[in-house]
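Below are the chains, spelled out letter by letter.
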Amino acid sequence: MIKNFREMKKAADCQMNARRHKRDEEGRVVIQMNVKDDGNFLSEFSENATPVISSEVAEFIENETNAVLPNEEFTLQIYNDCIDEKEEVTYKAAIKEYYMQKYIANEQEIKRNRFAVFWLGLAGILVLAAEIIFDRYIGNAIWTSVIDIIAWVLLWEAVDIGVLETRVMSIKRKRYLAYLSMKVEYMPVEKSLKSESKNYEEKNNNKKE
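Residues numbered from 1 in each chain as written. Predicted model: local features only at pLDDT ≥ 70, side-chain atom pairs only at ≥ 80, totals over all residues. Heavy atoms only, no water.

A.B. asks: Just to check I follow, could you spell out the nonpolar core for this structure?
C.D. replies: Among the nonpolar cores identified, the biggest contains 27 residues, and Ile53, Ile61, Ile78 and Tyr99 are the most heavily contacted of them. Counting residues per element, the ones that place at least two in this core are β1 (29–35), α2 (55–64), β2 (74–80), α3 (85–137), α4 (141–180) and β3 (183–187). When residues in this core are grouped by element, the largest group, five residues, is from α3. Other than its neighbours up to four places away in sequence, Tyr99 contacts Ile53, Ala58, Ile61, Glu62, Tyr176, Tyr179 and Leu180. (Core = buried A, V, L, I, M, F, W, Y, C linked by side-chain atoms within 4.5 Å. Buried < 20%, exposed > 50% of the residue type's maximum accessible area, 1.4 Å probe, protein only. Helix = DSSP H or I, 4+ residues; strand = E, 2+ residues; numbered from the N terminus. Contact = heavy atoms within 4.5 Å.)

Right under this line is the structure:
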């Protein structure tokens, strides 16, 4: 049982190492995308005159970068035989517009979180002050406990939003900025096939060694 587990882990680690992202000459992490048909590259909807990429394209880009640190920069290499020069410009702008909208929404969420943290924290402090006054002049143990619970719930919610959720939003901010500065390169499919063939040969040579 243990031996089988070790063999499975070894095989999974080999696959993980084989999938490590390559880097270009500038040190950017390379994302390779093969496009057979660009009919669904753009979304049918957009907030303004500038089109945005479809959810499928965005999901692919984000899935490919999930395991990459937020501070990394990217180069998106699109291998295709169906995108013309005019579409190249349009698709590059659509990628930037999509993630600009995501960045703006994320910034608004951060501002809302800060607003919520301030008012929840203030409410929690005022309730604690009310608890002290209530306990001193009325002294009902049950209601004192209820007020105490309400105060700590408010304060805990403020800490949760201020520390945990804001951290998640900050990580997203770095990732969206990386997408906005992402280089987009268009390459023929033939070059992708040659690259895959070369990688396959290198893997076989490494196994033999």
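A.B. asks: What exactly am I supposed to notice about the sheet that holds β2 here?
C.D. replies: Through backbone hydrogen bonds, the strands of a sheet pair up, either in parallel or in antiparallel fashion. Here we have three strands laid out as an open sheet, ordered β1-β2-β3, and parallel in their pairing. For this open sheet the edge positions go to β1 and β3, each flanked by a neighbour on one side alone. Neighbouring strand axes in the sheet, compared pairwise and without regard to direction, differ in orientation by 20° on average. As judged from the seven bridges shared by β1 and β2, these two strands associate in the parallel manner. (Pairing = 2+ DSSP bridges. Axes fitted to C-alpha atoms, helices over the stretch in contact; angles between N-to-C directions.)

A.B. asks: Quick question: what am I supposed to make of the packing of aromatic side chains here?
C.D. replies: Note on aromatic pairs: each is described by the distance of the centres and the angle between the planes. Following the criterion strictly, the structure yields seven aromatic pairs and no others. Each member of the aromatic cluster is reached from another via a ring pair, and the members are Phe74, Tyr98, Tyr99, Tyr176 and Tyr179. (Phe/Tyr/Trp six-rings, centres within 6.5 Å; stacked < 30°, edge-to-face > 60°.)

A.B. asks: Please explain the pattern of salt bridges as it appears in this structure.
C.D. replies: For side chains bearing opposite charge, pairing can occur when the charged atoms are close. Under the criterion given, the structure shown has seven salt bridges. As a salt-bridge pair, Glu26 and Lys183 come within 3.3 Å of each other at their nearest N and O atoms. Placement of the pair is Glu26 in the loop between α1 (2–18) and β1 and Lys183 in strand β3, with a sequence separation of 157 residues. Across the pair Glu107 and Arg173 runs a salt bridge whose closest N-O atoms are separated by 2.7 Å. Placement of Glu107 in helix α3 and of Arg173 in helix α4 is noted, with a sequence separation of 66 residues between them. Judged by its relative accessible area of 24%, Arg173 falls in the partly exposed class. One network of salt bridges, with partners in common, ties together Glu26, Arg28, Glu73, Lys183 and Glu185. (Salt bridge = Lys/Arg side-chain N within 4 Å of Asp/Glu carboxyl O.)

As far as function goes, none of this settles anything; it's purely spatial.
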